[in-house]
Each structure stands twice: as C-alpha cells, then as structure tokens.
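# Observations on the three-dimensional arrangement
Chain residues, written in single-letter form:
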Amino acid sequence: MLTPLILSGGSGTRLWPVSRQNLPKQFLKLAGQSTLFQQTLERTRGLPDLAPPIVVAADDHRFLAAEQLREAGIENATIVLEPLARNTAPAIALGALAALERDPDATLLVLPADHLICDTAPFLEAVRTALPLAHAGWLVTFGIRPDRPETGFGYIRRAEPLPHGGFRVGQFVEKPDLATAGGYLEDGGYDWNSGMFLFRAAHYLEELETHAPQMLAAVRTAHAAAGRDLDFTRVDADTFARVPEDSIDYAVMEKTDRAAVVPLSCGWSDIGSWSALWLAGERDPDGNLSEGDTLAFDSHNCLLRSHDRHLIAAVGVDDLVVVSTPDATLVARRDAAQQVKQVVEELKRRGRSEHSLHRVVRRPWGSYDSLEAADRFQVKRIVVKPGASLSLQKHHHRAEHWIVVSGTAEVTCDEKVFLLGENQSTYIPLGSVHRLRNPGKVPLELIEVQSGSYLGEDDIVRLDDVYGRA
C-alpha cells in the first residue's frame, strides 16, 4: 500500500502576521478554499492502493490537524505527535515506524503539509513514474523544473537516466547566488529540491541505520515508549529529546548511493514568503494579488491581504506587501519579504504574544476572540462547537460574567447545573468550580467579561478535561 506521510511541523514565520506559532501556514487558507494541509491530503486521492495517511504534527497543533482531517472527510488517519522539533529525518523515521506497524511492505509518499501545487495531474503522473523506482529500492525525490533563477531553494543535479524512469541524483546543491542559479537554469540539468520523497519505509530505515545509526536508535526508543492519547500517538518527550536533529537531505539523501530524482512541472511553490505567495497567485492586470477588503489605485505588483474587517487602500505604490490582521499589520518591500522572520524574533525577545497567538485563538472546543483588555478587566467573544465543552476548572485571581448571544449554554457552577438561552447571563465567582458546555446543534456564542487582579490564561486550574489537557 502507498501511505501518504504528511509532515506538518513547520512554523511558517515568514508569513507573519497571518501565520503564527499556534496557527502556522499549513493550517491556513492561503491559496484556495481549503487549507494547505487539506490540499496536500486531497491531491493524493488519485493515487492507486492508497492507505490512510500518517500525519506527523507538533503537539501544540494536534487538535488543528484532527479537526482539519475531519473536515476533509478522513477519519482513519494516524496522527503522531512530536514533542519537539527535530527536523525531517527523525520525523520521517517516526512515520516509517508507524507505517510498518500496519504494513510491513509500506511505501511512503512524504509530503510537506505547507506546499502549494497548482496542477495536480503532473504531480500524480510523477508519483506513478517513481513507484517502480521505489519498489526497486531507490529513495526517490521529486525535482521541480525551474522556470527562473531562484536563490531561495536548493538544487538537484541530474545524472544518468534510470531504467524505470527518472534519473540518478548526481549532486545536491546548496542555495546558490543569483549568477549561479542563472547558470543552472541555462544548463537545464538542475531541478529545485522540493522536499517531497517516495520510498519503501523499510528501505529508508535501512539507509538511516547505515548513515545515522544513533539517530535511528534514539527514534526507535522514543517510538517504543509512545502512548495513546485520545486519537493521537504521543511520542515520549524525554527519549525524543535525545534524538539528534538533522534533515533527510543531510542525514540520508546526500550520502546514499540509491538516490533518484523524478523531475516535474506542476505549479509548485513552498509558499516560503509573501513574495512566493505573490508569485504563485492569480494577479490582476496591474500585477497586484489581493485578498479581503482591499482597493488599489495606480499601484503595481503588490500583495494586499486584509484578514480583518479593515479596508486596505493602496495609492501610488509598487512592489509592496501589506497584510492586515485584527492585532497586527505588516508593511514590507516585496523583495524584503524573507526578512519578516526578524520581526517574529524581535516580538519573542520583547515577550509579546503576537508572534505566537492571534487575537482569535482556536481551541478543540471552539475559539475565543479577545475584544478588549485593560487593567483588571478583559472582554472575550467565545464560540463553542455543538456538543463541545470546556474543561471543569476554577480560577484563583478572577471572576467571570457570561452573557449568551446565541445558542444554548449548559453552565456548571459549583453544585448547580442550569441552562441559559439568548440574552440571559450568569456570574461565576472567583474560585468557583465551573464548566461551560454547548448541548445544542448550533454554535454557542457568548460574551465573557473577566475581572480580577490577574487575567492570564495560566490562571486556569483544570479539574477534568475531555481533551486530555493538563
């Protein structure tokens, strides 16, 4: 069986302020009506002998992955949780071990969750071309035929053709300067390194045993100590922390003599920056790529995205990126878009939350939007999914007022359990044990007013939680 292995651990910091630590780019609708993660899953459906996917995700993103799998109609996926990032070689090893547990002959199609492919047909054809190579023991990577000199990608030099199709890899090349990239384009024998792979799970582990035995041993130990947590496979944090960090390229592909490449042209982009998204999008006659509430006059080659209710109006500007969210706005030259990561690092240094959290924060039960905050009070808009409930909890430093806007709320407050309908409210005193549940079939929306000496999210003492959170 062919098992899609979706690597979903990226942070996407160069797409700030839309992509953030707790909601990175793979889980966002950046190009199309579904998220990049869901598009990655969808494009595998046309392949033969397809097994349920394996998703390797960060622990913090487990409910995002599960919810988006459910939205995509995939209910039998395996979700493996990495307690910390160790790069692609260990992540793929975890996926390979999980695949071999259910199929000793599993073939893995390794796909990053945050890439865009505009033309699925040639991608599927390239996978079909690569399957005989994988079955013959080759570790296949997919090379994107370059259409411009690009300094942001590594390259793969093709060597001689192989009998089953594709080429033996001649060399993996680091990101070049512009002149060298131009030479690669003119040469015609170089492809962009896409980070997509196809190989037998057992063959990958054999190569890892040969070239990075300490890594494989540590991954095996961490995998053996993994436990089940709801619908997730939770890898043991202490043992996984001892796994060496390395990419599959450095750990295996550059060292093996069984590396093959299948070139393809499929409208691929890694969406690694706002300029990359601008290149991949459908631009208007003035070269502008716009999303949301935007206007542009005498402006050219700009990316304008409004992710809130505020209008972005551009007048007489060229080659800009302007991205607005409810709590942050980015303005940058398009050719400086790779430097957005510096903003994220500075926000971290200053201890600000905008690098990691949106104003709207998603939780497994729904979401909350922080509407207003000041000294000793905070106002939130809370939305609870049908049938979902928050944890049974209490607070040491704050009291809460709840006002139902729409739907029905089941409220637990100490020994009392009661229902609230639209326009009804209740008071949760400081220290009271309480829970909020939506017993209905439509979303529950309410306004929460918090008041007290400390209003941080860490002032939550969970006494019972259906999602297994501490």
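Residues numbered from 1 in each chain as written. Predicted model: local features only at pLDDT ≥ 70, side-chain atom pairs only at ≥ 80, totals over all residues. Heavy atoms only, no water.

### Details of the overall build of the protein chain
Regarding its fold elements, the protein chain presents 11 helices and 30 strands. Taken against the 2.2 N^0.38 rule, which gives 23 Å for 470 residues, the C-alpha radius of gyration of the protein chain at 24 Å falls within 12% of a compact globule. Seen through its C-alpha atoms, the protein chain measures out along the principal axes to roughly 75 × 60 × 40 Å. When burial is assessed residue by residue, the protein chain has 53% of its 470 residues classed as buried. As presented, the protein chain carries roughly 21,000 Å² of accessible surface, and 48% of it is formed by carbon and sulfur atoms. (Helix = DSSP H or I, 4+ residues; strand = E, 2+ residues; numbered from the N terminus. Rg over C-alpha atoms; globule rule 2.2 N^0.38 Å. Buried < 20%, exposed > 50% of the residue type's maximum accessible area, 1.4 Å probe, protein only. Areas by Shrake-Rupley, 256 points an atom, 1.4 Å probe, with all protein chains shown as cover.)

### Some points on empty space enclosed by the protein
Evaluation of the coordinates by the stated rule reveals 1 cavity of 30 Å³ or more. In this structure, the largest cavity spans a volume of roughly 250 Å³. As for the largest cavity, its lining consists of 22 residues, and the residues nearest its centre are Trp365, Leu390, Gln393, Glu457 and Ile460. Breaking the lining of the largest cavity down by element, the ones donating at least two residues are strand 22 (377-384), strand 24 (398-406), strand 28 (434-437) and strand 29 (444-452). Class assignment for the residues of the lining of the largest cavity results in 8 nonpolar, 5 polar and 9 charged. (1 Å grid on protein atoms, 1.4 Å probe; cavity = no way out; pocket = protein on both sides within 12 Å on 5 of 7 lines; lining within 4 Å. Points joined across faces, edges and corners; volume = space filled by probe spheres on them. Nonpolar A, V, L, I, M, F, W, Y, C, P; charged D, E, K, R; others polar.)

### Some words on the pairing of strand 17 (residues 312-315)
Burial along strand 17 is one-sided: the face carrying Ile312 and Ala314 is buried and the face carrying Ala313 and Val315 is not. In terms of strand pairing, strand 15 (residues 294-297) meets strand 17 through 4 bridges, oriented parallel. Across the sheet, residue Leu295 finds its bridge partner in strand 17, namely Ala313. (Pairing = 2+ DSSP bridges.)

### Thoughts on the packing of helix 3 (residues 88-102) against helix 6 (residues 201-211)
Remark: helix 3 packs on helix 6, axes separated minimally by 9 Å, with the N-to-C direction vectors making an angle of 135°. Classified by the interaxial angle, the pair formed by helix 3 and helix 6 is oblique. As for how helix 3 packs across helix 6, the hand of that crossing is left-handed. On the side of helix 3, the interface is formed by Ala89, Ile92, Ala93, Ala96, Leu97 and Leu100, while helix 6 contributes Ala201, Ala202, Tyr204, Leu205 and Leu208. Along the lines of polarity and charge, the residues of the contact of helix 3 with helix 6 split into 11 nonpolar, no polar and no charged. (Axes fitted to C-alpha atoms, helices over the stretch in contact; angles between N-to-C directions. Parallel < 35°, antiparallel > 145°, perpendicular 65-115°, else oblique. Left-handed = near helix turned anticlockwise from the far one by under 90°. Contact = heavy atoms within 4.5 Å.)

### Details of the sheet that holds strand 24
Here 6 strands make up an open sheet; going across it, the order is 20-21-22-29-24-27 and the pairing antiparallel. Strands with a single pairing partner mark the edges of an open sheet, and in this sheet they are strand 20 (360-363) and strand 27 (425-428). The average undirected angle you get between the axes of adjacent strands in this sheet is 20°. One ladder, built from 4 bridges, connects strand 20 with strand 21 (residues 366-374); its direction is antiparallel. The residue of strand 21 that forms the bridge with Val361 is Tyr368.

### Focus: the environment of Lys175
Mapped onto the elements, Lys175 comes out in the loop between strand 8 (167-173) and helix 5 (178-187). A residue is classified by how much of its surface remains accessible, and Lys175, at 57% relative accessible area, is exposed. Separated by 21 residues in the primary sequence, Lys175 and Gly154 place their C-alpha atoms 4.4 Å from one another. Sequence-distant contacts of Lys175, defined by excluding residues within four places in its chain, comprise Thr151, Gly152, Phe153 and Gly154.

### Concerning the packing of helix 3 against helix 7 (residues 213-224)
What describes two packed helices is the angle between their axes and the distance between those same axes. Closest axis-to-axis distance for the helix 3/helix 7 pair is 10 Å, and the angle between their directions is 55°. One way to sum up the angle between helix 3 and helix 7 is to call them oblique. Judged by the sense of rotation from one axis to the other, the crossing of helix 3 with helix 7 is right-handed. On helix 7, the residues touching Ala89, Pro90, Ala93, Leu94, Leu97, Ala98 and Glu101 of helix 3 are Met215, Val219, Arg220 and His223. Of the residues in the contact of helix 3 with helix 7, the class split is 8 nonpolar, 1 polar and 2 charged.

### Some points on the packing of aromatic side chains
All told, the structure shown has 10 aromatic pairs when counted by the stated rule. Centre to centre, the rings of Phe63 and Phe232 are 5.7 Å apart; their planes meet at 80°, and the pair counts as edge-to-face. Of the two residues, Phe63 is situated in helix 2 (residues 62-71) and Phe232 in strand 11 (residues 232-234); the sequence distance between them amounts to 169 residues. Residue Phe232 is classed as buried on the basis of its relative accessible area of 3%. Their ring planes at 10° and their centres at 5.0 Å tell us that Phe199 and Tyr204 sit as a pair that is stacked. Residue class for Tyr204 comes out buried when judged on its relative accessible area of 0%. (Phe/Tyr/Trp six-rings, centres within 6.5 Å; stacked < 30°, edge-to-face > 60°.)

### Thoughts on the nonpolar core
Ranked by size, the top nonpolar core spans 89 residues in total, and within it Phe37, Leu109, Phe123, Phe142, Leu198, Trp274 and Leu436 carry the most contacts. A per-element tally of this core places helix 4 (residues 120-135) first, with 8 residues. Those residues in contact with Phe37, other than ones at most four positions away along the chain, are Ile6, Ser8, Gln26, Phe27, Val55, Ala65, Gln68, Leu69 and Ala113. In terms of nonpolar packing, the next biggest core, distinct from the first, is built from 42 residues, Ala218, Ile248, Val252 and Val261 among them. (Core = buried A, V, L, I, M, F, W, Y, C linked by side-chain atoms within 4.5 Å.)

### Quick notes on the sheet that holds strand 16 (residues 303-306)
Here 4 strands make up an open sheet; going across it, the order is 14-16-18-19 and the pairing mixed. With one partner strand each, in any of the chains shown, strand 14 (289-291) and strand 19 (328-333) form the two edges of the open sheet. Averaged over all adjacent pairs, the angle separating strand axes in this sheet is 5°, with direction ignored.

### Brief notes about a nonpolar patch on the surface
On the surface, Leu295, Phe297, Leu311 and Val315 cluster together to form a nonpolar patch covering roughly 390 Å² of accessible area. Topologically, Phe297 is positioned in strand 15. (Patch = residues over 30% accessible without salt bridge, like charges linked within 9 Å, V, L, I, M, F, W, Y side chains within 5 Å. Salt bridge = Lys/Arg side-chain N within 4 Å of Asp/Glu carboxyl O.)

### A few points about the environment of Pro161
One can find Pro161 in strand 7 (residues 155-161). Measuring from C-alpha to C-alpha, the distance between Pro161 and Leu357 comes to 48 Å, with 196 residues separating the pair along the chain. Discounting chain neighbours no more than four positions away, the residues touching Pro161 are Gly166 and Phe167.

### Some words on unusual backbone geometry
Here Trp16 and Pro17 are connected by a cis peptide whose omega angle stands at 10°. Position of Pro17 relative to the elements: it lies in the loop between strand 1 (2-8) and helix 1 (36-42). With a phi close to 75°, Asn87 is a non-glycine residue in the positive phi region. For Asn87, a relative accessible area of 37% corresponds to the partly exposed category.

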